[in-house]
Amino acid sequence: METSIPASEPTSCSKEDSQVCCLEDTGGAEAVQVADWESPQDDRPQDEPVCCNPENSGQLMALYEGPARGYQVPPFGWRICLAHEFAEKRKPFNANSISLSNMIKLVGMGFRYFQWWYQKTRVEKKTPFIDMLNSVPLRQIYGCPLGGIGGGTITRGWRGQFCRWQLNPGMYQHQTVIADQFTVCLRREGQTVYQQVLSLERPSVLRSWNWGLCGFFAFYHALYPRAWTVYKLPGQNVTLTCRQITPILPHDYQDSSLPVGVFVWDVENEGDEALDVSIMFSMRNGLGGRDDAPGGLWNEPFCLERDGETVQGLLLHHPTLPNPYTMAVAARLTADTTVTHITAFDPDSTGQQVWQDLLQDGQLDSPAGRSAPSQKGVGIAGAVCVAAKLPPRGRCCLEFSLAWDMPRIVFGAKGQVHYRRYTRFFGQDGEAAPALSHYALCRYADWEEKISAWQSPILEDRSLPAWYKSALFNELYFLADGGTVWLEVPEDSLMEELEEGMRQLRPVLREYGRFGYLEGQEYRMYNTYDVHFYASFALVMLWPKLELSLQYDMALATLREDLTRRRYLMSGLIAPVKRRNVIPHDIGDPDDEPWLRVNAYVIHDTADWKDLNLKFVLQVYRDYCLTGDQGFLRDMWPVCLAVMESEMKFDKDHDGLIENGGYADQTYDGWVATGPSAYCGGLWLAAVAVMVQMATLCEAQDIQEKFSSILSRGKEAYERLLWNGRYYNYDSSSQPQSRSIMSDQCAGQWFLRACGLGEGDTEVFPTPHVVRALQTIFEFNVQAFAGGAMGAVNGMQPHGVPDTSSVQSDEVWVGVVYGLAATMIQEGLTSEGFRTAEGCYRTVWERLGLAFQTPEAYCQQQVFRSLAYMRPLSIWAMQLALQQQQCKKASRPVVEQNTGLNTGPKSGPKEAMANLSPE
């Protein structure tokens, strides 16, 4: 290493003489009592942040040796020492995870899947929408993603690495790019005394750089959409706090769409000598993979002065088709800072020239003009440096931004051209990167004020445990980092014949755009509706117009059909892709042409699923209740009638209760249900009850009477066939698993209570039965499973052993657990609800190292399934339940603070919808 500057090694990087500023977390699940729990007092002034309290960090901060607290780091969030190593290393679910008895049941499906997989990957040269043979491996490294909603995302890991990329819509690259780093340089009396890459990595490239930061003196703190990394520089009396900001702003439909992130470095000089400090931000043009290999990439400096503010930086042009983009690494120039750059260097070389350039005077040479285009197979990178003088005991602020401009996109089929939402505000010409950088660096303070105004009432609520505050906000990462797209809708793209009866469809889609997020980063289907049923609480509470836009798209898809025939992998039967008047499973695969070709899911023919139509009806009414949008309800009413008519055929004995078909015909697509079942039967009754309410609102007396009759008969059949005195049986078959205790058996009641129904005159399920069932679930599925520390297992046998009759019955589904916890809160079992949900949070975020990649499922031991999944956004249903509980106690209807939500219709049905008619 050609440098005379000491690395971090001279200062001890061991745990000896450690100064741990945070105690070990001893507050297990059993310690949480929401009614009387209080968060720690924080009487410090605003500019003196707390270090870490035991509720947020537990073992994750046990290795931290530094005394530094960081600058204005909040007390709540997910905190981890950079030296931490997770002891438990799980594997993705695969064929070896399946028991012999279940393997026998799935032999046919496995054979057909392999045939399909081979055709897709080897013949068509495409990526499967679910690749069961090549799951994403475990990497316990992820942190808060950068980027707003729908413009692509870049995830920065908790150790500082740029490691997960979603620039091409819906398609992920899990790759750490070594050249993408921050480096600090300290100078005293004109001499460089310390220069260090702020990374624990020791790579084989850029070997002239000083790598191997000591992680024992640094920690990461995440409270999405912000994150803080605090570095105590050993032997230097200097503390660095890097604050990462992304514009995720509830009820904002402009800045929330921007593909930008901001890094604010607060540098504190705790010594008695003045010093010069420089931070260098280096970035590779591209990821170093096959997209870069043809060459032709080039960089150029830019300077943009506007409204008295100057931003300087580099543009990294990446013209590779089909989705070219420009990345901008930029910094804010102030009276107290100097901004310099190096336009191009080889990120696969030793990096000596860049390192020595910075080492010499704490600045870069700033050559003028653009770089030469990169040659085939040769990488290109650039760097921007900000320098400032720091007096003794002083503090300075250095501001960077990262922006990317990919305005025009095509999906995998390379058919239609789409424009991202942010182009409405910054243009479609692909030259917006400088303006995006300038805007971000000038507006981030306003963003932070809005973020604080939104989050503070929850963070300051002493009745809420600290882990919940972390979970509630950090799980929101998926709304932006779920392969999310937010697209403009051209005027000529909507089919008029399908719009008839939906008067607000065109205005909503034109004004708010088209929104899509994946079922999971590994389950690549947009707007998977049976899962969105759970996740949708986050969207409707925070960006309700996007939820309505999604619903309009789903309604359009429902009225369409695609009679192309294909073979379904579970049954082997051949059936159409999409039938009319049934809700599609999903809106399509980003590697194909979503919205044009729906139902990428080929495991089952979901036209015969029992839950999708019901979930549409329930979500429509819930969305109406929470938004008060009468026009939306008017538009959705005919679609609800159509899908309920389609659903009627599943009530074969006309007792008012639908029957499952003897296969896995609902969201639990590996768990067979036969005859009337607790889950689908409960959803059915809830949807029928909602139809009664909507018919009343629409003054459709005959329809109201029809569904009232069905509801009366169905309630009696449900109780008679499924209630056993302690809970509702899984189904009414003669199979041993029919008496399994299903954690999700009260899903229908959950939605009814979210709509202000389900009790008193609108009671569907007897309240004593609901409460008793929830208590049984808590006793068996929660407390009797893994010592009560891992959430609720999907199915538990009455004698206290997990149900292993399917590949899903002995899993824990995180999003289902959060929905269950919300149901418990709704029914007054608040402490049980929090203890149930806490098990999932601590398992995922603290034990398994799956932060910012919360999986769909995990088992008690060994495996997880489907990383970075949509369903856990259902934690926002817990927040809605708490808000409604508070309103109920106050006995007053309110519009909830900072959410813009009605907690229920403000007037009676007829008053609210006086002008509606069945038409």
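Residues numbered from 1 in each chain as written. Predicted model: local features only at pLDDT ≥ 70, side-chain atom pairs only at ≥ 80, totals over all residues. Heavy atoms only, no water.

A word on a nonpolar patch on the surface
- Where nonpolar side chains cluster on the molecular surface, the patch consists of Phe 114, Tyr 118, Val 123, Met 132 and Leu 133 and spans about 480 Å² of accessible area.
- For Phe 114, the location among the structural elements is in helix H3 (residues 107-123).
- Of the residues examined, Phe 114 reaches a relative accessible area of 44% and is grouped as partly exposed. (Patch = residues over 30% accessible without salt bridge, like charges linked within 9 Å, V, L, I, M, F, W, Y side chains within 5 Å. Areas by Shrake-Rupley, 256 points an atom, 1.4 Å probe, with all protein chains shown as cover. Salt bridge = Lys/Arg side-chain N within 4 Å of Asp/Glu carboxyl O. Helix = DSSP H or I, 4+ residues; strand = E, 2+ residues; numbered from the N terminus. Buried < 20%, exposed > 50% of the residue type's maximum accessible area, 1.4 Å probe, protein only.)

Things to note about the pairing of strand S16 (residues 325-333)
- Of all nine residues making up S16, eight are buried, and the element is well covered by its neighbours.
- Judged from the nine bridges that link them, strand S15 (residues 309-318) and S16 form a sheet pairing that is antiparallel. Residue pairing for S16: Val 311 is matched across the bridge by Arg 332.
- By the bridge criterion, six bridges tie S16 to strand S19 (residues 395-405) in an arrangement that is antiparallel. Each bridged residue has a counterpart across the sheet, and for Thr 326 the counterpart in S19 is Asp 405. (Pairing = 2+ DSSP bridges.)

Comments concerning the packing of helix H13 (residues 612-627) against helix H15 (residues 678-697)
- The contact between H13 and H15 brings their axes to 9 Å, and the two run at 45°. With respect to H15, the axis of H13 lies oblique. Crossing angle aside, the handedness with which H13 passes H15 is left-handed. On H15, the residues touching Leu 614, Lys 615, Val 617, Leu 618, Val 620, Tyr 621 and Tyr 624 of H13 are Tyr 679, Cys 680, Leu 683, Trp 684, Ala 686, Ala 687, Val 690, Met 691, Gln 693, Met 694 and Leu 697.
- A class-by-class count of the residues in the contact of H13 with H15 yields 16 nonpolar, one polar and one charged. (Axes fitted to C-alpha atoms, helices over the stretch in contact; angles between N-to-C directions. Parallel < 35°, antiparallel > 145°, perpendicular 65-115°, else oblique. Left-handed = near helix turned anticlockwise from the far one by under 90°. Contact = heavy atoms within 4.5 Å. Nonpolar A, V, L, I, M, F, W, Y, C, P; charged D, E, K, R; others polar.)

Brief notes about the state of the cysteines
- For the structure shown, the criterion picks out zero disulfides.
- Take Cys 640: it sits in no disulfide, and the sulfur closest to it among the cysteines is that of Cys 698, at 9.0 Å.
- Take Cys 640: its relative accessible area is 0%, and that puts it in the buried class. (Disulfide = S-S within 2.5 Å.)

Quick word on the confidence of the model for the protein chain
- Across the protein chain, the average pLDDT comes to 91, with 90% of residues at 70 or higher.
- Confidence drops under a pLDDT of 50 for residues 1-12, and excluding neighbours within four residues, the segment shows 35 contacts in the predicted structure.
- Low pLDDT, under 50, characterises residues 893-900; the predicted model gives this stretch 22 contacts beyond four residues in sequence or across chains. (pLDDT = per-residue confidence, 0-100.)

Focus on the packing of aromatic side chains
- On inspection of all chains with the given rule, the structure shows 59 aromatic pairs.
- Between the aromatic rings of Phe 182 and Phe 400, the centroid separation amounts to 5.8 Å while the plane-to-plane angle is 70°, which identifies the pairing as edge-to-face. Taken together, the residues span a long stretch of sequence, with Phe 182 in strand S7 (residues 181-188) and Phe 400 in strand S19 at a distance of 218 residues. Like Phe 182, the residue Phe 400 is buried in the burial classification.
- By way of ring pairs, the aromatic residues Trp 78, Tyr 220, Trp 467, Tyr 468, Tyr 477, Phe 478, Phe 515, Tyr 517, Phe 834, Tyr 841, Trp 845 and Phe 852 are connected into one cluster.
- Lying over the aromatic face of Phe 650, Lys 610 brings its terminal NZ or CZ to 4.4 Å of the ring centre.
- Lying across the ring of Phe 537, Arg 622 places its NZ or CZ 4.6 Å from the centre. (Phe/Tyr/Trp six-rings, centres within 6.5 Å; stacked < 30°, edge-to-face > 60°. Lys NZ or Arg CZ within 6 Å of the ring centre and 35° of its normal.)

Digging into the pattern of salt bridges
- Scanning the entire structure with this criterion turns up 41 salt bridges.
- A salt bridge links Arg 243 to Glu 448; the shortest N-O distance between them is 2.7 Å. In this pair, Arg 243 sits in strand S11 (residues 238-245) while Glu 448 sits in helix H6 (residues 433-459), placing the two residues 205 residues apart along the sequence.
- We classify Glu 448 as buried; its relative accessible area is 10%.
- Here Arg 753 makes a salt bridge to Glu 827, at a shortest N to O gap of 3.0 Å. Of this pair, Arg 753 sits in helix H17 (residues 747-754) while Glu 827 is found in the loop between helix H19 (814-826) and helix H20 (830-847), placing the two residues 74 residues apart along the sequence. Here Arg 753 matches Glu 827 in class, with each residue buried.
- Overlapping salt bridges, with partners in common, bring together Arg 226, Arg 243, Asp 266, Arg 395 and Glu 448 in one network.

Some details on the packing of helix H12 (residues 544-559) against H13
- Two elements in contact, H12 and H13, have axes separated by 11 Å at closest approach and are oriented at 150°. With respect to each other, H12 and H13 are oriented roughly antiparallel. Between H12 and H13 the crossing geometry is left-handed. For the pair formed by H12 and H13, the contact residues are Pro 544, Glu 547, Leu 548, Gln 551, Met 554 and Ala 555 on the first element and Phe 616, Gln 619, Val 620, Arg 622, Asp 623 and Thr 627 on the second.
- Here the residues of the contact of H12 with H13 are counted per class, giving six nonpolar, three polar and three charged.

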